[in-house]
Amino acid sequence: MKKRTVRFFAFAIISSCALLPARAQLYAGRVVDPLDQDFSITLKPGLITSVSGYVKETKRAYTDIPGYTQDYGRFLQNYDLEELGFDESYGALGLGIEKRWRFVTFLLDVSYFEASATATAKDEPFAIGVEEVKFEGKSYDYMFIPQGSSADVDLQAGSAELGLLLTPFCISTEEGFDFSPWLRAGLLAMGGSYTIDAGPAQGVRTYEYHPYPYVIGGTGEGWAGIVIPEFGIGGEMRIWLNPEGTKIVCQGNYMMLEWAGRSSSLGADSRNDKDIDLSYKSIDLTVMLEHPLSEGVDLLLGATFRHLETDATIEARHKSAEEQDAAREKYDKEASIEMNTFYLLAGLRF
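First, a word on what this report is: a plain description of the structure on this page. (Residues numbered from 1 in each chain as written. Predicted model: local features only at pLDDT ≥ 70, side-chain atom pairs only at ≥ 80, totals over all residues. Heavy atoms only, no water.)

Let's talk about the pattern of salt bridges
Logical step 1: One pass over the full model with this rule turns up 14 salt bridges.
Logical step 2: Close ionic contact of Glu 98 with Arg 30 constitutes a salt bridge, the shortest N to O distance being 4.0 Å. Here the residue Glu 98 occupies a position in strand S4 (residues 90–100), and Arg 30 occupies one in the loop between strand S1 (25–28) and strand S2 (39–60), the gap between them amounting to 68 residues. Per residue, the accessibility class of Glu 98 equals that of Arg 30, and both read buried.
Logical step 3: We note a salt bridge from Glu 98 to Arg 100, for which the minimum N-O separation is 2.6 Å. (Salt bridge = Lys/Arg side-chain N within 4 Å of Asp/Glu carboxyl O. Helix = DSSP H or I, 4+ residues; strand = E, 2+ residues; numbered from the N terminus. Buried < 20%, exposed > 50% of the residue type's maximum accessible area, 1.4 Å probe, protein only.)

Dropping the structure here:
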């Protein structure tokens, strides 16, 4: 999939260049026209139109033996977002900032959303690790939601994306068309806090192969976060509609990452440092209308669609027997998330 996407972007760039008229000219860097309008800010109300994902426990931590052949295999659980009640669309709000120079462009995009769902333990109990759940004034690390019981889940999440575009050249024509390809690098930070309310805490019990204490019911809280480096390609096509400066702007980016290392290197929040094998990709497409409001100020109106996919294998780092007992690590996991987001854009360039 990744190779096909890269080939598609490369084909689109080459095809665009091949179809240009003979009077097309090549310029160094990105066209910044007019030169004094190099900063823009946009407000982005949007909608997470679809989100899916899962966490699959695969085997006991610190071992290479598949769990389904062992006694503890019957405790391995799979969670998906639909099972937890996150099967709707959710509103989001974002803000975008761009600063252009001829060869380099700086980008900052931030967004925020809230989501609520009700999760029901239908076929088997939920055994969930949290940052903190309290019973009789004492804090615990795990919640137990009995089969047939429900819990309300509230999530507040946000992201911040820093990007740098390197634009080596631009192709421009006298017919009012120009195209700028670029290389892109950046950081995507995602994080959020959650609350799981399973009613009044009813007591403490042990569960699973590991004799750890679980609070039955109660309210668990915590947060999670990760920082992902991004690398990719993209470009911008501008079509001038009139001499006054009204134009249609189309942009696209393909970002990716294949990475293996320690969770602490990604800034991932976890009780213990883990080994992560991560695959990430993101595709976004933007269409905007730029229209002059006054000398030096343009109105920006448009829309953006983004598709994001992340797959990860998460395993406990090998430790001595004493360290394993202290770490209280249970199972290795596989995780995946896929999300589509649609934003409207309204802003100014000046």
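Here we look at the packing of aromatic side chains
Logical step 1: Summed over all chains, the structure comprises two aromatic pairs.
Logical step 2: Aromatic pair Phe 39 and Phe 350: ring centres 5.4 Å apart, planes at 50°, arrangement tilted. Taken as a pair, Phe 39 in strand S2 and Phe 350 in the segment after strand S17 (331–349) lie far apart in primary sequence, 311 residues in all.
Logical step 3: Geometry around Trp 240 places Lys 247 over its ring, the cationic atom sitting 4.4 Å from the centre. (Phe/Tyr/Trp six-rings, centres within 6.5 Å; stacked < 30°, edge-to-face > 60°. Lys NZ or Arg CZ within 6 Å of the ring centre and 35° of its normal.)

Some words on a nonpolar patch on the surface
Logical step 1: There is a patch of nonpolar side chains on the surface, built from Trp 101, Phe 103, Val 104, Phe 106, Leu 162, Leu 164, Leu 166, Leu 183, Leu 187 and Val 227 and spanning about 850 Å² of accessible area.
Logical step 2: Where the nonpolar patch is concerned, the elements lending two or more residues are strand S5 (104–120), strand S8 (150–166) and strand S10 (177–197).
Logical step 3: The dominant element in the nonpolar patch, judged by the number of residues it contributes, is S8, at three residues.
Logical step 4: Within the secondary structure layout, Leu 183 lies in strand S10. (Patch = residues over 30% accessible without salt bridge, like charges linked within 9 Å, V, L, I, M, F, W, Y side chains within 5 Å. Areas by Shrake-Rupley, 256 points an atom, 1.4 Å probe, with all protein chains shown as cover.)

Considering the pairing of S8
Every regular strand shows the same layout, with side chains that alternate between the two sheet faces.
Logical step 1: As paired elements, S5 and S8 share 17 bridges and run antiparallel to each other. The residue bridging Ala 119 from the neighbouring strand is Ala 151, located in S8.
Logical step 2: When S8 meets S10, the two strands line up antiparallel, connected through 15 bridges. Residue pairing for S10: Gln 156 is matched across the bridge by Ser 193. (Pairing = 2+ DSSP bridges.)

Topic: the environment of Ala 312
Logical step 1: With respect to the secondary-structure elements, Ala 312 resides in strand S16 (residues 297–316).
Logical step 2: Judged by relative accessible area, Ala 312 falls into the buried class, the value being 14%.
Logical step 3: With 36 residues separating them in the primary sequence, Ala 312 and Ile 276 have C-alpha atoms 6.6 Å apart.
Logical step 4: The residues touching Ala 312, leaving out its near neighbours within four places in the chain, are Ile 276, Asp 277, Leu 278, Lys 333, Glu 334 and Ala 335. (Contact = heavy atoms within 4.5 Å.)

Describing the side chain of Glu 161
Logical step 1: Tracing the chain through its elements places Glu 161 in strand S8.
Logical step 2: Here the side chain of Glu 161 touches Arg 184 through a polar contact of 3.5 Å, side chain to side chain.
Logical step 3: Engagement of the side chain of Glu 161 in a polar contact is seen with the side chain of Arg 306, the distance being 2.7 Å. (Polar contact = N/O pair within 3.5 Å; in protein donor to acceptor, adjacent residues only side chain to side chain.)

Focus: the side chain of Ser 336
Logical step 1: The residue Ser 336 is located in strand S17 in this model.
Logical step 2: Exposure remark for Ser 336: the relative accessible area of 18% places this residue in the buried category.
Logical step 3: Looking at Ser 336, its side chain comes within polar contact range of the side chain of Asp 311, at 2.7 Å.
Logical step 4: Not counting residues up to four positions away in its chain, the partners in contact with Ser 336 are Ser 52, Gly 53, Tyr 54, Thr 310 and Asp 311.

Concerning the nonpolar core
Logical step 1: Within the largest apolar cluster, 32 residues are counted, with the highest numbers of intra-cluster contacts made by Phe 113, Phe 126, Ile 128, Val 130, Ile 145 and Ile 196.
Logical step 2: Elements with a minimum of two residues in this core: S2, S4, S5, strand S6 (126–135), strand S7 (138–145), S8, S10 and S17.
Logical step 3: By residue number, the principal contributor to this core is S6, which donates five residues.
Logical step 4: Within the second largest apolar cluster, eight residues are counted, among which are Leu 188, Ile 228, Ile 276 and Leu 308. (Core = buried A, V, L, I, M, F, W, Y, C linked by side-chain atoms within 4.5 Å.)

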